[in-house]
Amino acid sequence: MNLLNLNFSLIFDPLSQFFVFLILLVSIPCAVYSIGYLKHHYSSKKILLAWFLLVLFVGSMLMVVTVSNALLFLIFWEIMSLVSFFFVVFDTEDKKSIKAGILYIIMTHLGTAFIVFSFLLMFKYANSFDYYAIKQACLLMPAHTKNVVFLFLLIGFGTKAGIVPVHIWLPYAHPQAPSHISGIMSGVMIKTAVYGIIRFIIYILGADTLWWGNLILILASISCLIGIMYALIENDIKKLLAYSSVENMGIILFGVGASMVFISKGLPVLAVLALSAGLYHLINHGIFKSLLFLGAGSVYKATGLRNIEKLGGLIKPMPFTAVSFLIGSMAISALPPLNGFASEWLTLQVLFNGALNCSGAQAIAMCFYAAVLAITGGLAAACFVKAFGVTFLGLPRSEPARQAREVPPLMYYPMFFLSALIVIFGLFSAQIFKSLNRISQSLYGVNESTYNFSSGSFVITPVNTLSCAGLSIPFIAVMLIAIMVMVYLAVRIFAGPGKVTRDRTWSCGYYKIDSRNAYTGTAFSKPFRIAFSFFYRTSRKTEEIKSSYYHVKSIKYKTSITPVFKKYIYDLIYKRTFYAAKYLSKFQSGSIHFYIACIFMAIVFLILFMNRF
Amino acid sequence: MNLLVIIIFVLTLMLVLSKRTVALINGFMLQSFCLFVLALTRAVWAKDSELYVVAALILLLKVGLIPYFLRWMVKKIKIDDNLGLSINPMLSLVIAVLLSFFSYLFAERIMGLQNKPDVAAFSVSLSVILIGIFIMVFRMKAVAQVIGLLVIENGSFLTAVALCGSIPFFVEIAIFFDIFVFAIILGIFIFRINKLFTHIDIDKLKTLRG
């Protein structure tokens, strides 16, 4: 086979179209945002570099989701990883960036190694890297080989997607990139891993083994819970958003995994529904996560701070940013009538329907997954109450926060655009879900009108046979507005116009109050730290400096959690590796001359004694 | 053809004899130039358009850019010009001649006595490779390691051109870019060594061992 004569043809089936649409939908506002964000922040040379890398980044992502050849896929996948690595280390002066970048590049290459291996396994059977040929060959592949290929693909793409326990790079790498890139990385790049899972596991490999789907569902549950639990206690706003990405990837994988379970159980209707729900949450997360990252970037641009403990009260100087951030937070907390609600509701419906249609252990497992998803939703809401409340409400807690100014229009218009998308994707969920259905149907090769999950153009009805649940987001929106108007009128009628006392925020009329009285992020997450102490393994340290027995001059309070995965998995590997390296270094002389001399001797030896062998 | 091969052989011996860094670089440049002429004559003779490109690349990279870069680097880091020989020139020459004798024996054994010119070309290219390794082993300064490896590459190219006409075009191009990137990376590496240890004597790298 001539490797240089690659088939450069692209595929534009509905799945690829969907991802191309998502990439452009998120990247373009982020690119516009970067005009304002990069200005005055970097030198003009570096801005030029940032634009060059951005074009390369978006281009490589577009190619990843459209090429029809596994080898080309790998090449563009690698370009995408490398360019995003350069973005992670974009602030070259920051030691943290370099460290995060190294961790990222190690993890992503580990993942790519697994993908390469699985591709080579598939190549062995197909003798071609073309998707279609591989798909044909996979029908003849023995089951255990299929299992190996599946596991390798899952590890490979899971690393990119940030599934626990290989999520370790994500919360370090995403916050270190410039904010518009964090938005693209969290909003789009990690979604290409989901594309990989759908394309290679569901479409090419054919998800016909039951435990595959269940494995993905279990990993999704773990990712959801652990992602949101870490997000909840995080005080760095961008890191918080990055952890929340881990959680949302879990929710997306709930849809994908459930779809695989249903296919192997022979329930194509539910499989289509589940995959559509996953894709719906995927695009929704792309929109609101990039919006939130842009909001965090605006806050960083205005104050130079990422620690929410030092922010506060930003709603007054930065109203536009605050409103956009609020809409994003509401969407990610799955509040109706926004888009996050629609997709999380659908995912829950998928799991409930799964529990109804399956039997035995599978039904119980489905209930368990649904419970995990529900608790995740609750924690996510708490997390974003904290993120928004501590950052934008109350009183400013530091000098930069006091002097914050609204960002230039080029930065808040993209955020408005994304906020509008959130509302649109919520209100028109029925139509959007219909088109998502077409994607999943084409993927599974079914095309029937019975697979219609919406009645009329405003109501989603997941499955009309067993549960008669339906959801109409416009109706909810109208009801919410009506209730608000009624409450307002009732207050006006019964309480009268009343006299308004204006006072400082959260002061309750008390005369002397300052920002130190406000609720902090650490304090907000305290109940969760106590409730989940078995997982966080909190350690506290209080230090009092007293001038006399009765008078305490100052108190220092320090709290920290044990990063379980880092400590018990990665540090262990790290330690063992270094131990082994130290042991092996006894065999090394360290002299380059000696090493070359060994080669030299070997060659001379071979030349002299050639005829003996 | 044969004349060029012999010139290359003499130049290689000159590399062994050179005591100074600049002399080493100059020797390499001359050797590469001969290689260029060789490739060009081959190209004209075989009317091979790909070989023209290869010859042009030799001229550009090995005669032009890499020696220029190395010279610039030597000037920049201001090391003393001594290569740090661990075997003196005369003994080195004796060893080099011995090495070429071995390679002649080897070439003869493989190809037989009937085609003398080919045996000569093959033994010369083999001894160029061996002498390249010799330079890498018995010269202390890091620049010598770079030149040594480039000489090895020249030797393998000579083998290919002298015996088979040419290597597949893409392989050749890939090797060229490899070599170029290699020279630059090692150049940067030498800078770093110089900064860290204030000299580029790679024997001292032993201290890096954990």
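Residues numbered from 1 in each chain as written. Chains lettered and ligands numbered in written order. Predicted model: local features only at pLDDT ≥ 70, side-chain atom pairs only at ≥ 80, totals over all residues.

### A closer look at the overall build of chain B
Here comes step 1: For chain B, the helix and strand inventory stands at 7 helices and 0 strands.
Here comes step 2: Scanning chain B from its N terminus toward the C terminus, one meets helices and strands in the order α-α-α-α-α-α-α.
Here comes step 3: Computed over its C-alpha atoms, the radius of gyration of chain B comes to 17 Å, within 12% of the 17 Å expected for a compact globule of 210 residues.
Here comes step 4: Each of the three principal axes of chain B carries a C-alpha extent, and together these read 55 × 35 × 30 Å.
Here comes step 5: Sequence separation of 24 or more characterises 71% of the internal contacts of chain B that already satisfy a separation of 6 or more. (Helix = DSSP H or I, 4+ residues; strand = E, 2+ residues; numbered from the N terminus. Rg over C-alpha atoms; globule rule 2.2 N^0.38 Å. Contact = placed C-beta atoms within 7 Å.)

### A short note on the overall build of chain A
Here comes step 1: Looking only at helices and strands, chain A has 22 helices and 4 strands in total.
Here comes step 2: Expected size for 613 residues packed as a compact globule is a radius of gyration near 25 Å; at 27 Å, chain A falls within 12% of this value.
Here comes step 3: By principal-axis analysis of the C-alpha atoms, chain A measures approximately 105 × 70 × 50 Å.
Here comes step 4: Within chain A, counting contacts between residues at least 6 apart in sequence, those at least 24 apart form 78% of the total.

### Quick word on the environment of Ala126 of chain A
All names here are of chain A.
Here comes step 1: With respect to the secondary-structure elements, Ala126 resides in helix α4 (residues 95-126).
Here comes step 2: The exposure class assigned to Ala126 is buried, which follows from the 22 C-beta atoms found within 10 Å.
Here comes step 3: A sequence separation of 428 residues divides Ala126 from Ser554, and the C-alpha atoms of the two residues are 71 Å apart.
Here comes step 4: When sequence neighbours within four positions are dropped, the list of residues in contact with Ala126 reads Ala133, Ile134 and Ala137. (Buried ≥ 20, exposed ≤ 12 C-beta atoms within 10 Å, placed from the backbone.)

### Considering the domain arrangement of chain A
Here comes step 1: Here chain A is described as being made up of domain 1 (1-206), domain 2 (209-505) and domain 3 (564-612).
Here comes step 2: On a C-alpha basis, the centres of domain 1 of chain A and domain 3 of chain A stand 33 Å from each other. (Domains from an automatic or database assignment.)

### As for the pairing of strand β3 (residues 539-546) of chain A
Residue and element names in this part refer to chain A.
Here comes step 1: Of all the 8 residues making up β3, 0 are buried; the element is thus mostly uncovered.
Here comes step 2: In this sheet, strand β4 (residues 552-560) lies alongside β3 in antiparallel orientation, the contact comprising 8 bridges. When the bridges of β4 are listed, Glu544 appears paired with Ile555.
Here comes step 3: Taken together, β3 and the strand that follows it, β4, pair antiparallel across an intervening segment of 5 residues. (Pairing = 2+ DSSP bridges.)

### Observations concerning helix α14 (residues 361-392) of chain A
Here comes step 1: Taking 1.5 Å of rise per residue, 32 residues should cover 46 Å, and α14 of chain A covers 46 Å from first to last C-alpha, within 8% of that figure.
Here comes step 2: Just downstream of α14 of chain A, Gly394 of chain A is the residue with a positive phi angle, here 75°. (Expected span 1.5 Å × (residues − 1).)

### Focus on the packing of helix α2 (residues 44-66) of chain A against helix α8 (residues 179-206) of chain A
All names here are of chain A.
Here comes step 1: In contact at an axis separation of 10 Å, α2 and α8 are set at 20° when each is read in the N-to-C sense. Classified by the angle their axes make, α2 and α8 are roughly parallel. When you trace α2 past α8, the crossing you get is left-handed. Touching Phe57, Met61, Val64 and Val65 of α2 are Ile184, Val188, Met189, Thr192 and Tyr195, all from α8.
Here comes step 2: Partitioning the contact of α2 with α8 into residue classes produces 8 nonpolar, 1 polar and no charged. (Axes fitted to C-alpha atoms, helices over the stretch in contact; angles between N-to-C directions. Parallel < 35°, antiparallel > 145°, perpendicular 65-115°, else oblique. Left-handed = near helix turned anticlockwise from the far one by under 90°. Nonpolar A, V, L, I, M, F, W, Y, C, P; charged D, E, K, R; others polar.)

### Concerning unusual backbone geometry
Residue and element names in this part refer to chain A.
Here comes step 1: For the bond running from Val164 to Pro165, omega is 5°, close enough to zero to count as cis.
Here comes step 2: Note that Pro165 resides in the loop between α6 (143-161) and α7 (170-176).
Here comes step 3: Across the junction of Pro336 and Pro337, the peptide omega takes the value 5°, indicating a cis bond.
Here comes step 4: As for its position among the elements, Pro337 is in the loop between α12 (319-332) and α13 (339-357).
Here comes step 5: Unusually for a residue other than glycine, Asn127 sits at a positive phi of about 55°.

### A short note on the packing of α6 of chain A against α8 of chain A
All names here are of chain A.
Here comes step 1: Relative to each other, α6 and α8 sit at 165°, their axes nearing to 8 Å. The orientation of α6 with respect to α8, classified from their angle, is roughly antiparallel. Crossing of α6 against α8: the hand is left-handed. Where α6 abuts α8, its residues Lys146, Val149, Phe150, Leu153, Phe157, Lys160 and Ala161 lie against Ile190, Ala193, Val194, Gly196, Ile197, Phe200, Ile201 and Leu205.

### Topic: α4 of chain A
Here comes step 1: For α4 of chain A, built from 32 residues, the straight-helix expectation of 46 Å at 1.5 Å per residue is met to within 8% by its first-to-last C-alpha distance of 46 Å.
Here comes step 2: Within two residues after α4 of chain A, Asn127 of chain A carries a phi angle of roughly 55°, on the positive side.

### What about the environment of Met73 of chain B?
Residues and elements named next belong to chain B.
Here comes step 1: In this fold, Met73 is placed in helix α3 (residues 49-77).
Here comes step 2: Met73 sits in the buried class, given 23 other C-beta atoms within 10 Å.
Here comes step 3: In this view, Met73 contacts Gly187 and Ile190; residues no more than four positions away in its chain are not counted.

### A closer look at the environment of Met249 of chain A
All names here are of chain A.
Here comes step 1: Mapped onto the fold, Met249 is located in helix α10 (residues 237-265).
Here comes step 2: The exposure class assigned to Met249 is buried, which follows from the 31 C-beta atoms found within 10 Å.
Here comes step 3: Taking the C-alpha atoms as reference points, Met249 and Gly162, 87 residues apart in sequence, are found 7.4 Å from one another.
Here comes step 4: Apart from the residues within four sequence positions on either side, Met249 is in contact with Ala161, Gly162, Ile163, Ile190 and Ser223.

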